[in-house]
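Observations on chain architecture
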Amino acid sequence: MGADATTLHIAVHALASSLQPQVAAVFFVSAACTVALAVLLASLRLRPPWWCACPVCEAYVTASWAREFDNLCDWYAHLLRGAPGRTVHVHVLGNVLTANPATVDHMLRCRFDNYPKGAPFSAILADFLGRGIFNVDGDGWLFQRKLAAAELASPALRAFAANVVASELRCRLIPLLHSASSDDGGGKRLLDLQDVFRRFAFDCICKISFGLDPGCLELSLPISAFADAFDTASMLSARRATVPMHVVWKLKRLLNIGEERELRDAIRLVDALAAEVIRQRRKLGSAASGDDLLSRFMGSINDDKYLRDIVVSFLLAGRDTVASGLTAFFLLLSDHPDVASAIRDEVFRVAGGGDPTSAAFEFDKLKDMHYVHAALYESMRLFPPVQFDSKFAAGDDTLPDGTFVAKGTRVTYHAYAMGRMESVWGPDCAEFRPNRWLSDGQFVPESPYRYPVFQGGVRVCIGKDLAIMEMKAVIVAVVLGFDVEVVGRSSRQPKFAPGLTATFAGGVPVRVRRRRVRDSEQCAPS
């Protein structure tokens with residue numbers, strides 16, 4: 001009898017021990033749900049921002065805007081066109097949006113100190129961008145900007161970058177287009193041009209910024225898996241900013257559920273990619289040229305986590321924005337073959353038909369191609385790679401249009417909407433017209449506060465010249481050699497996917513046809 005009791009006691013104890021983790025999990029989930037319920041009830045008592053019943057906030061919360069518009073950015077553009085002062089307040093987000101050049105000037109130049117990125121913005125992107133230049137203010141931002149600006153301005157780095165772009169065009173992009181093209185217009189197969197340009201830009205930025213060929217990285221998965229993780233991290237980080245109550249995504253992050261779990265998994269792959277880049281750069285050491293940007297940063301920084309954040313920022317700037325700009329350009333070009341013809345005429349006039357894949361091509365000639373420059377700027381007016389940019393007011397302020405901004409308010413200038421404002425660009429603002437940028441055949445820039453594609457003021461993009469050089473080189477090489485026909489998509493009805501940069505949902509499928517150079521085009525090099 002005593003033995004049976006002992007056995008029973010042991011069995012009960014074993015059962016209790018085996019159930020301990022499950023019981024603990026139940027208690028933890030119950031506690032978390034209780035906390036979430038308490039927060040929700042407290043929010044209800046305080047009448048939270050999403051309680052606002054104005055038409056704009058109601059349309060945002062219920063997503064009723066989607067009945068008329070394919071994209072949130074198009075709805076915002078519609079609201080801003082009809083708003084006094086080209087400014088609207090989306091109370092549920094605590095967000096003032098503007099498409100007023102005077103307000104952009106106010107934010108980026110006149111009252112720059114009052115409109116930093118701000119702690120709320122940094123918190124949204126902290127897991128992905130960390131302390132990278134796009135996510136910090138103050139000394140951290142100034143240090144990275146000064147170091148990067150000094151290197152990007154050096155003739156050695158510019159020559160290095162031009163050689164990288166020429167090599168990538170000659171050895172990878174152009175052969176890829178040839179392999180997918182035909183002479184009769186039928187096309188061997190469809191290519192996703194967005195994916196092609198992302199791969200091209202990724203290879204270029206890895207070589208320019210890190211001094212590494214992505215094919216040489218020793219990774220546990222194909223490089224495409226890491227690129228997909230980067231896209232996922234960008235998309236899910238951007239979605240955090242669209243949630244009216246930030247406590248929602250923060251709670252999901254705490255519990256590691258839903259999109260926050262997916263984001264954590266994606267960032268783990270991004271971290272692995274950045275760590276391998278840093279490891280390979282150290283491994284090469286003095287054996288490499290040292291012309292890349294990362295080598296210069298590694299000379300001043302010993303913190304690998306900080307270096308990781310810098311690597312991710314370089315990838316975001318050099319891959320996503322360039323790929324977005326090029327994809328939009330060829331989407332527009334497919335609808336405007338007359339612009340492609342005008343580009344070819346200019347290239348033959350300026351460079352005698354030579355293109356950036358030729359060893360004899362002088363990259364300085366790109367600067368003399370004013371029509372190409374105008375067409376690229378016009379494309380980014382309609383489809384800016386970064387559609388909007390937000391700051392947080394450090395103190396109370398009044399905008400030039402009279403809108404009061406309370407301390408802590410998010411203020412966003414919307415470059416995508418600004419490109420579609422008659423008040424800014426005239427009645428033909430919806431048209432793709434490169435000639436609006438030309439005077440007597442010369443490119444004439446606009447104020448960065450009317451055209452904030454590269455920001456303006458103190459935070460103006462330091463990689464602007466490098467990005468323009470890369471995009472113009474691709475445009476010239478591709479337009480000379482191929483006709484690119486977009487299939488099943490139109491620049492007049494784009495559909496965007498969420499993300500920190502403009503991304504076309506479902507990609508941009510194209511059919512590529514090799515061009516036969518006419519006798520009249522076979523000019524001697526100038």
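Residues numbered from 1 in each chain as written. Predicted model: local features only at pLDDT ≥ 70, side-chain atom pairs only at ≥ 80, totals over all residues. Heavy atoms only, no water.

**What to know about the overall build of the protein**
Counted only if it meets this: For the purposes of this entry, the term helix denotes a DSSP run of H or I that reaches at least four residues, the term strand denotes a run of E that reaches at least two, and both are numbered from the N terminus. Whether a residue is buried, partly exposed or exposed follows from its accessible area with a 1.4 Å probe, protein chains only, as a fraction of its type maximum: under 20%, in between, or over 50%, in that order. Throughout, a residue-residue contact means that at least one pair of heavy atoms, one from each residue, lies within 4.5 Å. Calculation of accessible area relied on Shrake-Rupley with a 1.4 Å probe; when residues are assessed, cover is drawn exclusively from the protein chains displayed.
Of regular secondary structure, the protein possesses 18 helices and 13 strands. Going through the 526 residues of the protein one by one, you find that 49% of them count as buried. In the protein, the share of contacts with a sequence separation of at least 24, taken over all contacts with a separation of at least 6, comes to 74%. Accessible area for the protein stands at about 24,000 Å²; split by element, carbon and sulfur atoms hold 58% of it.

**With respect to the nonpolar core**
Formally: Within this scheme, the nonpolar core is defined by two criteria: the residues are buried Ala, Val, Leu, Ile, Met, Phe, Trp, Tyr or Cys, and they are joined through side-chain atoms within 4.5 Å.
Core analysis: the biggest nonpolar cluster contains 113 residues, and F330 and I343 have the highest contact counts within it. Element by element, the count of residues in this core is highest for helix 18 (residues 464-481), at 12 residues. Excluding residues within four positions of it along the chain, F330 makes contact with L193, F197, I475, V478, V479, V484 and V486. Membership of the second largest hydrophobic core comes to 43 residues, among which are C206, A229, V270 and V277.

**Looking at the pattern of salt bridges**
Put simply, the test is: Any Lys or Arg side-chain nitrogen found within 4 Å of a carboxyl oxygen on Asp or Glu counts as a salt bridge.
Using the criterion set out here, one finds 39 salt bridges in the structure. For the salt bridge of D304 with R282, the shortest nitrogen-to-oxygen distance reads 2.6 Å. You can see D304 sitting in helix 13 (residues 304-335) and its partner R282 sitting in helix 11 (residues 258-284), a full 22 residues away along the chain. In this structure, the salt-bridge partner of D335 is R492, at a minimum N-O distance of 3.7 Å. One end of the pair, D335, is in helix 13; the other, R492, is in the loop between strand 10 (482-486) and strand 11 (496-497), and 157 residues separate them in sequence. Given the relative accessible area of 24%, D335 is considered partly exposed.

**As for the sheet that holds strand 3 (residues 191-192)**
Rule in force here: When DSSP finds two or more bridges between two strands, those strands count as paired.
If you walk across this open sheet you meet the three strands as 3-13-10, and the pairing is antiparallel. Each edge of the open sheet carries a strand with a single partner, namely strand 3 and strand 10. Relative to strand 13 (residues 509-514), strand 10 runs antiparallel, the two sharing five bridges. Bridge pairing in strand 13 places F482 opposite R514.

**A closer look at the state of the cysteines**
To keep it simple, the criterion reads: Cysteine sulfur atoms are paired as a disulfide whenever they fall within 2.5 Å.
In total, this model carries zero disulfides according to the counting rule given. The cysteine C54 is free of any disulfide, with C57 supplying the nearest cysteine sulfur at 3.4 Å. By relative accessible area, C54 is classed as buried at 19%.

**Re the pairing of strand 2 (residues 95-98)**
Here strand 2 shows no split at all, with N95 and L97 on one side and V96 and T98 on the other all buried. Here strand 1 (residues 87-90) folds back onto strand 2, and the loop between the two strands holds four residues, one of which, G94, carries a positive phi near 60°. Across four bridges, the pairing between strand 2 and strand 7 (residues 410-414) is parallel. Bridge pairing links N95 to R410 in strand 7.

**Digging into the UniProt feature "binding site: heme" (unreviewed entry) in the protein**
The following threshold applies: UniProt positions are given in the numbering used here, feature names are shortened, and annotations may be inferred rather than shown by experiment.
Residues annotated in UniProt with the feature "binding site: heme" (unreviewed entry) correspond here to C461. Secondary-structure assignment places C461 in the loop between strand 9 (442-443) and helix 18.

**Some remarks on helix 9 (residues 223-240)**
Worth spelling out the cut-off: Helix span is expected to be 1.5 Å times the residue number reduced by one.
Here helix 9 contains 18 residues, and its C-alpha end-to-end distance of 26 Å stays within 8% of the 26 Å for a straight helix at 1.5 Å per residue. All of the buried residues along helix 9 are F226, A227, A229, F230, D231, T232, A233, S234, L236, S237, A238 and R240. Those residues of helix 9 that are buried are in contact with helix 5 (119-129), helix 8 (193-210), helix 10 (246-255), helix 11 and helix 13.

**Section: the sheet that holds strand 2**
Rules: Under this scheme, a helix contributes an axis fitted over its contacting stretch, all axes are lines through C-alpha atoms, and angles between N-to-C directions fall in the 0 to 180 degree range.
If you trace the four strands from one edge of the open sheet to the other, you get 1-2-7-4, paired in mixed fashion. Edge strands, defined here as strands with exactly one partner in the open sheet, are strand 1 and strand 4 (388-392). In this sheet, neighbouring strand axes are inclined to one another by 20° on average, regardless of whether the strands run parallel or antiparallel. Contacts between helix 3 (residues 72-82) and the sheet are confined to strand 1, strand 2 and strand 7, with strand 1 contributing the most and set at about 125° to the helix.

**What about the environment of F454?**
Turning to its location among the elements, F454 is positioned in the loop between strand 9 and helix 18. Sequence separation between F454 and P385 is 69 residues; the distance between their C-alpha atoms is 9.4 Å. Once residues lying within four places of it in the same chain are set aside, the contact partners of F454 are Y377, M380, V460, C461, K464 and I468.

**Some words on the side chain of E470**
Heads up, the rule is: For the charge count, each Lys or Arg is scored as positive and each Asp or Glu as negative, with His and the chain ends excluded.
Structurally, E470 is set in helix 18. Among buried Asp, Glu, Lys and Arg side chains, E470 stands out as unpaired, with R319 the closest opposite charge at 11 Å. When neighbours within four sequence positions are excluded, E470 is seen to be in contact with V165, F200, A201, C204 and V322.

**Describing the packing of aromatic side chains**
Threshold: Stacked, edge-to-face and tilted are the three classes for Phe, Tyr and Trp ring pairs, Trp counted by its six-membered ring, which pair at centre distances within 6.5 Å; planes under 30 degrees apart are stacked, over 60 edge-to-face, the rest tilted.
Scanning all chains against the criterion turns up 21 aromatic pairs. Ring plane angle 40° and centroid distance 6.1 Å describe the contact between Y377 and F454, whose orientation is recorded as tilted. Highlighted residues: Y377 in helix 15 (residues 370-382) and F454 in the loop between strand 9 and helix 18, separated in sequence by 77 residues. Look at F454 and you get buried, because its relative accessible area is 10%. Put simply, the rings of Y377, W425, W437, F443, Y451 and F454 touch in pairs and so form one group of aromatic residues.

**Observations regarding unusual backbone geometry**
One non-glycine residue with positive phi stands out, namely R86, at about 55°. With respect to the element layout, R86 can be found in the loop between helix 3 and strand 1. Classification of R86 as partly exposed rests on a relative accessible area of 26%. Unusually for a residue other than glycine, N256 sits at a positive phi of about 55°. Assignment of secondary structure puts N256 in the loop between helix 10 and helix 11. Owing to a relative accessible area of 25%, N256 belongs among the partly exposed residues under this scheme.

**Notes on the environment of E262**
Note that E262 resides in helix 11. Along the primary structure E262 and A233 are separated by 29 residues, whereas in three dimensions their C-alpha atoms are 8.4 Å apart. When neighbours within four sequence positions are excluded, E262 is seen to be in contact with T232 and L236.

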